[in-house]
Amino acid sequence: MSTVPAELEYTDAHEWLRRLPDGTVEVGITDHAQHSLGDLVYVELPEVGRAVKAGEACAVVESVKSASDVYSPVTGEVIACNPVLEKAPETINQDPYRAGWMMRVRVAPDAVAGAVLSAAQYTEFLDGKDD
Amino acid sequence: MAFIPHTPADVREMLAAIGAADVEALFDEIPAGLRSEPLAGVPEALNEMRIGRLLRERAAADGMVLSFIGAGAYEHHIPAAVWAIASRGEFYTSYTPYQAEASQGTLQLIYEYQTMIASLTGMEVANASLYDGASSLAEAALMAVRANRKAPSRRILVPATTHPHYRQVARAITGRQGLSFDVLPYDADEGILATSDIVAAAGAVALVVQQPNFFGRLEEVDALTDWAHAQGMLVIAVVNPISLGLLEPPGAWGGRGADIVVGEGQPLGVPLSSGGPYFGFMATRKEFVRHMPGRIVGRTLDTSGREGYTLTLQAREQHIRRAKATSNICTNQGLLVTAATIYLSLMGAQGIERTAAASHARTRELLAALVRLPGVRTAFRGPCFHEAVLRFDRPVAPLLEGLARDGILGGFDLAGHYPELGPALLVCATETKTSADVERYAAALGRLLGAPPVPAGIC
Amino acid sequence: MQSREPTIFEYGAPGRGATDQWPQIEADAVADLPQRLRRKRRAMLPEVSELDAVRHFTRLSQRNFSIDTHFYPLGSCTMKYNPKACNQYATLPEFLGRHPLAPVSQGQGLLACLHELQEILQLVTGMRAVSLTPMAGAQGEFAGVSMIRAYHEARGDHERLEIVVPEAAHGTNPATATMCGCTVREIPVDADGDVDLAALQSAVGPRTAGIMLTNPSTLGVFERHIADIERIVHGAGGLLYYDGANLNAILGKVRPGDMGFDVIHMNLHKTFSTPHGGGGPGAGAVGVNDRLAPFLPVPIVGKDDGRYRWLEEKDRPQTIGRLSAFMGNVGVLLRAYVYIRMLGRDGLRQVADHATLNANYLCARLKALGLDAAYPNRRASHEFLITLKRQARESEVTAMDVAKRLLDFGYHAPTTYFPLLVPECLLIEPTETESKATLDGFVAAFAAILREIVEDRERVKSAPHTLPVQRLDDVRAAKQLDLTWTGAPAADSARG
């Protein structure tokens, strides 16, 4: 069973977001996502300074047998990417919610909030997918 | 005959196991209205003896001629061992090495091939090959757009001295994705690109540099490479692999070297075969490897720590990335790569260098013999490699027809692609030609031009 | 277990070489080449004797499975016997020696073969014109979709940029759509493997360029609603593209042209038995109906007054262009021509009959072992899908484990994990040239593996055991890229 920390928010595309005290948002992929992808071998991150829209594909996570887009859950500007992932993509497998964060986004002031799920809603969403 | 092994008894037993009355019953899901008598008009079978005779007759009708055509496909000596080994059923009838454990032969061979291509081109990595030289240029252009994200356009600069068919193919394959090609003129006296002639280059993605160029002339690759890099462009090199025995490899062009290298692999042990199958090679810097299309083989370890080979970086490819793949290419040209790897092993660096030098020497000999004829002169000033353009005082086509009647293919007529040159002929002689062949050509052309016979041994 | 075969480079020594193969050169051969353009350091190529090379590459060949040595039931790949005559007569010295730019006067024999091949492929597929130039199936796909776009544009219909594909489609279909500047709309298939017509109906409209379909589909069943699909797509103004990957299943039974397809590519390396060569060369000839004929890629072989010639851009002003430097993979086309002429009309009919008989027989035998067909209510076409979902759940043995264990029994693995939408699947295509005895042997191996899953599960999970290597570390291969030989052993390959 994959972990779903209560303090984070989620998307139905298996990203998590953490609202930081300075108002920026940290984004990564969930434990469920890293588990279904398997051992990650490469992570492609957006360039710092790039403007992203909520729901826009802005990063790619690759395992040996798959490649998945990662969508920004919010509209804003990418202000930082996790430098560790270039050399150690497996960090996402090992610690998806902390050391495996992917990018930080400064949310645009006039942005319409994207649809996000609470931890409880995401857990329910995951349960609904099992057959 | 369809090479079917079943006896009538086999068929009966198999139908019984299926629970079908007859073979036709197995097609009962095809709507009846669609069924037709589809093979009407297809000829009756010929057995192997009769098809053999038919093909031998047709081949004999085409005959064997003495050819001085190059223009992107070159006749070189092919050691007998090359195709004796490449034609082994284990290479010839195997599939793509998806099941790595059952394909170590093909995979190791490709790894060795990648090493040879990288070394020959002076680059860090190579893929397992693409279809041919021309389509490789198209793939290189698409790759340059992916790799040079800072470029504000999808424009590629391509000199008019690049093989005209390559330019056509690049346009046909990449145009649908919005790439465009700005054709750069060449210096009329020198037949090469001059950076001073390039206008409106700003914002282009990449510069294509073919070395030697379509005219056989040697471009000033160092200056062109540095100039393109200074403009924020990538450099796509198109090279003849045999020439790399003698010429500076693209990895050493200018201060930083070319970024993507492609070319036609045919000269490396592949017969002319009217145009194919050949293979295209592609090499690049390590930093661009994930932008490269096509299969790539890597060396790794197995579960018990032994070394082995496997396809790698497959997340770039269509079977995983689907609509976001680097290309729709699925296959490489495995069998041709097999031949080329054996060829390069037998020739080695020295053999390639000698092949290049011998070819070049034969072409110089040919040029010397032909320019002695009335109304024939070389078109451009400056060094060439194993191919050159001659200008004539009369149209070339009738001369080529006359030579063909003597069993000689005199070269490639440039009237169609380069009308501005006037009557002009691209000629090539490789190491397969002898001084006697050159004399035969010169004598035949001399007769057509109304010159006295060339004395033997003058070259 | 065989021992390691060193790389060719490791056999080398400075000063050694296959010197008999090297040409003689004069001392001043390259005196005119300026030093600044010359190579400064020789390339690192092998320095080996001819016998070193012959032994090394022969040994490498022995580390391959191939049709000549093994049953190769690789779904969607049509690994049938490649008759030796095709190779022999396509490689006559006159054919091999002909320069691509030689005049057609020195090529009438070759062009006659290619022209007849064009005509026979038209008859076989029910199309009106054929171009042989695409160099592989994927390039045939590119040509096909590019022609569809050119057709819409020629009518001033510039908004048609969407290509519809079923979710089970081969990855080349969506990748091709992208190469042609189109976007992809995937549509689902129903529980019996047919296209979901309601989803198709709602997917098509004024933006639809066309649909790409394989029939029989990649699920190994014939698309029964093809007439409805034709009506819906043409009704919306789109065109129908036939992916010829599975043409072997319907040769002589039904023609893509009669099903309403506007354009088709054929994999000559599948249906017409040209060799796969370890992954190429293939050939992906395209056929079209009248409305797409003007757009065919060049060159095409034309015939005027009994003489053959190449039709180029100037003869075909609306062509999508040239896709190869010369004429595509001529040597492959000649092999396909020899194959087709050897089989003739009756032989081609037998192909689909026996390919389908073999697939249905093998499917019935495997089901009798207790294996689950993915589409149990359907006839198999020339191939069928088995799903090991139940075994994976019960015993944690995956389709990949079974595939690897089959290698130990001397059978090449079926296609695994394709199509992606069927969990733990094996796509099995025996082809018409395999005997009942071979199929029975394969069933016996499968039965033995099913017993092993119960009695000695680890034996299956750790397979293969009899090949030069065991399962390879793909993660290491992708993370510690080692793409060229530098002299260091694999264990030392640098990270990054």
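Residue positions are given per chain, counting from 1 as you read along its sequence in written order. Lettering of chains starts at A and numbering of ligands starts at 1, both following the order in which they are written. Only residues with pLDDT of 70 or above have their local features reported here, since the model is predicted, and side-chain atom pairs are shown and tallied only from 80 upward, although totals for entire chains, interfaces and linings are computed over all residues.

**Student:** Explain the overall build of chain A to me, please; I cannot follow it from the model alone.
**Tutor:** Counting its secondary structure elements, chain A contains 4 helices and 9 strands. Counting from the amino terminus, chain A carries its helices and strands in the arrangement β-β-β-α-β-β-β-β-β-α-α-β-α. Taken over the C-alpha trace, chain A has a radius of gyration of 14 Å; the compact-globule value for 131 residues is 14 Å, and the two agree within 12%. Overall, the C-alpha framework of chain A stretches about 40 × 35 × 25 Å when taken along its three principal axes. Expressed as a percentage of the 131 residues in chain A, the buried residues total 40%. Contacts are defined on C-beta atoms placed from the backbone: any two residues whose C-beta positions lie within 7 Å are in contact. Across chain A, every contact between residues at least 6 apart in sequence was considered, and the portion connecting residues at least 24 apart equals 63%. A run of DSSP states H or I qualifies as a helix once it reaches four residues; a run of E qualifies as a strand once it reaches two. Both are numbered from the N-terminal end. Only the C-alpha atoms count toward the radius of gyration. The rule for a globule is 2.2 Å times the residue count to the power 0.38. Burial is judged by counting other C-beta atoms within 10 Å of a residue's own C-beta: 20 or more means buried, 12 or fewer means exposed, and anything between counts as partly exposed, with every C-beta placed from the backbone.

**Student:** How do you make sense of the overall build of chain B when you look at a structure like this?
**Tutor:** When you go through chain B residue by residue, the secondary structure sums to 12 helices and 15 strands. A total of 459 residues make up chain B; the buried ones form 64% of that total. Long-range pairs, those at least 24 residues apart, make up 75% of the contacts in chain B with a sequence separation of at least 6.

**Student:** It is not clear to me how the sheet that holds strand S10 (residues 372–373) of chain C should be interpreted in this structure. Could you clarify?
**Tutor:** Picture the strands of a sheet paired through backbone hydrogen bonds; they go either parallel or antiparallel. Residue and element names in this part refer to chain C. Any two strands are treated as partners once DSSP identifies two or more bridges connecting them. One open sheet accounts for 4 strands, arranged S10-S11-S13-S12; its pairing is antiparallel. Both outer strands of the open sheet, S10 and strand S12 (415–416), are each paired with one neighbouring strand and no more. Across 4 bridges, the pairing between strand S11 (residues 384–387) and strand S13 (residues 425–428) is antiparallel. Residue Phe384 lies in a different strand from S13, and its bridge partner there is Ile428. Across the sheet, helix H10 (residues 330–368) lies against S10, S11 and S13, angled at about 15 degrees from S11, the strand it touches most. Angles here are taken between N-to-C directions and fall from 0 to 180 degrees, while the axes themselves are lines fitted to C-alpha atoms, restricted in helices to the stretch in contact.

**Student:** Which parts of the structure should I look at to understand the interface of chain B and chain C?
**Tutor:** Much of the literature gives interface size as the accessible area that the parts lose upon coming together. Of the residues lining the interface, 160 residues belong to chain B; the matching set on chain C comes to 174 residues. Take the side of chain B that touches chain C: its biggest share by element is 19 residues, from helix H10 (residues 334–371) of chain B. In terms of residue class, the side of chain B that touches chain C is built from 83 nonpolar, 52 polar and 25 charged. Under the scheme applied, nonpolar residues are Ala, Val, Leu, Ile, Met, Phe, Trp, Tyr, Cys and Pro; charged residues are Asp, Glu, Lys and Arg; polar residues are all the others, including Gly.

**Student:** Help me understand unusual backbone geometry in this model?
**Tutor:** Negative phi characterises most residues that are not glycine, and trans characterises most peptide bonds. Residues and elements named next belong to chain C. Cis geometry marks the peptide bond from Phe418 to Pro419; its omega dihedral reads 0 degrees. Tracing the sequence through the fold places Pro419 in the loop between S12 and S13. Looking along the chain, the bond that leaves Ala463 and enters Pro464 is cis, with omega of 0 degrees. Within the fold, Pro464 resides in the loop between helix H14 (457–461) and helix H15 (474–479). Even without being a glycine, Ser273 presents a positive backbone phi close to 60 degrees. By the element assignment, Ser273 lies in the loop between strand S6 (263–266) and strand S7 (286–288). Owing to 29 C-beta atoms within 10 Å, Ser273 belongs among the buried residues under this scheme.

**Student:** When you look at the nonpolar core in this model, what are you seeing that I'm missing?
**Tutor:** Soluble, globular proteins show a tendency: their nonpolar side chains are buried together. The nonpolar core criterion groups buried Ala, Val, Leu, Ile, Met, Phe, Trp, Tyr and Cys residues into a set whenever they are joined through C-beta atoms within 7 Å. Counting 358 residues, the largest nonpolar core has B:Ala141, B:Ala144, B:Ala206 and B:Ile236 as its most contacted members. Every residue in contact with B:Ala141, bar those within four places of it in the chain, is listed here: B:Ile156, B:Ala170, B:Thr174, B:Leu179, B:Ala206 and B:Ile236.

**Student:** What should I look at first to understand the confidence of the model for chain B in this one?
**Tutor:** Fine structural detail should not be taken from predicted coordinates in areas where pLDDT scores are low. Values of pLDDT, ranging from 0 to 100, describe the predictor's confidence in every residue of the model. Scored by pLDDT, chain B comes out at a mean of 95, with 97% of its residues at no less than 70. Per the prediction output, this complex has pTM 0.96; the corresponding ipTM is 0.97.

**Student:** Quick question: what am I supposed to make of the interface of chain C and chain A here?
**Tutor:** Between chain C and chain A, the contact holds 5 residues from the first and 5 residues from the second. Of the residues belonging to the side of chain C that touches chain A, the class tally is 2 nonpolar, 1 polar and 2 charged.

**Student:** It is not clear to me how helix H8 (residues 221–230) of chain B should be interpreted in this structure. Could you clarify?
**Tutor:** Since there are 3.6 residues in each turn of an α-helix, residues three or four apart along the chain are aligned in direction. Residues and elements named next belong to chain B. Taken residue by residue, H8 has Val221, Leu224, Thr225 and Ala228 as its buried positions. Each buried residue of H8 sits inside an arc of 100 degrees when the element is viewed along its axis, so together they form one side. Those residues of H8 hidden inside the fold are in contact with strand S5 (206–211) and strand S6 (234–239). Among the residues trailing H8, Gly232 stands out with phi positive, at a value near 80 degrees. This arc is built from the directions going out from the helix axis to the C-beta atoms.

**Student:** Sorry if this is basic, but what is going on with the sheet that holds strand S15 (residues 424–427) of chain B here?
**Tutor:** All names here are of chain B. On the basis of which strands lie adjacent, the open sheet formed by 4 strands has the order S11-S12-S15-S14 and antiparallel pairing. The open sheet has two edge strands with one neighbour each: strand S11 (376–378) and strand S14 (412–413). Summarising the sheet, S11 and strand S12 (residues 388–392) pair through 3 bridges and their orientation is antiparallel. If you follow Thr378 over to S12, its bridge partner there is Leu390. The sheet strands contacting H10 are S11, S12 and S15, and the helix crosses S11 at an angle near 140 degrees.

**Student:** Would you mind showing me how to read the pairing of strand S3 (residues 25–29) of chain A here?
**Tutor:** Where a strand is regular, its side chains alternate between the two sheet faces. All names here are of chain A. Pairing geometry for strand S2 (residues 15–19) and S3, over 5 bridges, is antiparallel. Each bridged residue has a counterpart across the sheet, and for Trp16 the counterpart in S3 is Gly28. In this structure, the hairpin formed by S2 and S3 is closed by a connection of 5 residues, where Gly23 is found at a positive phi of approximately 90 degrees. As judged from the 3 bridges shared by S3 and strand S9 (residues 103–107), these two strands associate in the antiparallel manner. The partner of Val27 across the bridge, within S9, is Met103.

**Student:** Any chance you could explain the environment of B:Ala202 here in plain terms?
**Tutor:** Residue and element names in this part refer to chain B. Relative to the helices and strands, Ala202 resides in the loop between strand S4 (180–184) and S5. Look at Ala202 and you get exposed, because 11 C-beta atoms sit within 10 Å. It is 29 Å that separates the C-alpha atoms of Ala202 and Ala325, two residues lying 123 residues apart in sequence.

**Student:** In this structure, what is going on with the packing of helix H5 (residues 104–121) of chain B against H10(B)? I would like to understand it.
**Tutor:** Angle between the axes and distance between the axes are the two parameters that describe a pair of packed helices. Residues and elements named next belong to chain B. Between H5 and H10, the least distance of the axes is 9 Å, while the angle of their chain directions is 60 degrees. Comparing the axis directions of H5 and H10 gives the class oblique. Every pair of crossing elements has a handedness; the one defined by H5 and H10 is left-handed. Residues Thr106, Leu109, Ile110, Glu112, Tyr113 and Met116 of H5 touch H10, and the partners they reach there are Gly334, Val337, Thr338, Ala340, Thr341 and Leu344. Put simply, angles under 35 degrees are roughly parallel, angles over 145 are roughly antiparallel, angles from 65 to 115 are roughly perpendicular, and the rest are oblique. Each helix crossing is assigned a hand: it is left-handed if the near helix lies turned anticlockwise from the far helix by less than a right angle, otherwise right-handed if that turn is clockwise.

**Student:** For this particular structure, what's the right way to read the environment of A:Lys53?
**Tutor:** Residue and element names in this part refer to chain A. Following the sequence through the fold, Lys53 ends up in the loop between strand S5 (51–52) and strand S6 (57–63). Along the backbone, Lys53 and Thr75 are 22 residues apart, and their C-alpha atoms lie at a distance of 4.1 Å. Apart from the residues within four sequence positions on either side, Lys53 is in contact with Ser72 and Thr75.

**Student:** Looking at this structure, how should I read helix H8 (residues 226–235) of chain C?
**Tutor:** All names here are of chain C. Buried residues of H8: Ile226, Ile229, Ile232 and Val233, and no others. The buried side chains of H8 occupy one side of the element, clustering within an arc of 125 degrees when seen end-on. Where H8 is buried, its residues touch helix H7 (197–203), strand S4 (208–214), strand S5 (239–244) and helix H9 (256–259). Trailing H8 by a residue or two, Gly237 shows a phi angle of about 90 degrees, which is positive.

**Student:** Would you mind showing me how to read the packing of helix H2 (residues 48–62) of chain B against H10(C) here?
**Tutor:** Contact geometry of H2(B) with H10(C) gives a least axis separation of 10 Å together with a crossing angle of 140 degrees. Here H2(B) is positioned oblique relative to H10(C), judged by the angle of their axes. The handedness of the crossing between H2(B) and H10(C) comes out as right-handed. Seen from H2(B), the contacting residues are B:Glu48, B:Ile51 and B:Leu55; seen from H10(C), they are C:Val338, C:Arg341 and C:Met342. Of the residues belonging to the contact of H2(B) with H10(C), the class tally is 4 nonpolar, no polar and 2 charged.

**Student:** Where do I start with the environment of B:Val235 in this structure?
**Tutor:** Residues and elements named next belong to chain B. Considering the arrangement of structural elements, one finds Val235 in strand S6. For Val235, a count of 25 C-beta atoms within 10 Å corresponds to the buried category. Separated by 116 residues in the primary sequence, Val235 and Ser119 have C-alpha atoms spaced 18 Å apart. With residues up to four places along the chain from it excluded, the contact list for Val235 reads Ala206, Leu207, Val209, Thr225, Ala228, His229, Ala258 and Asp259.

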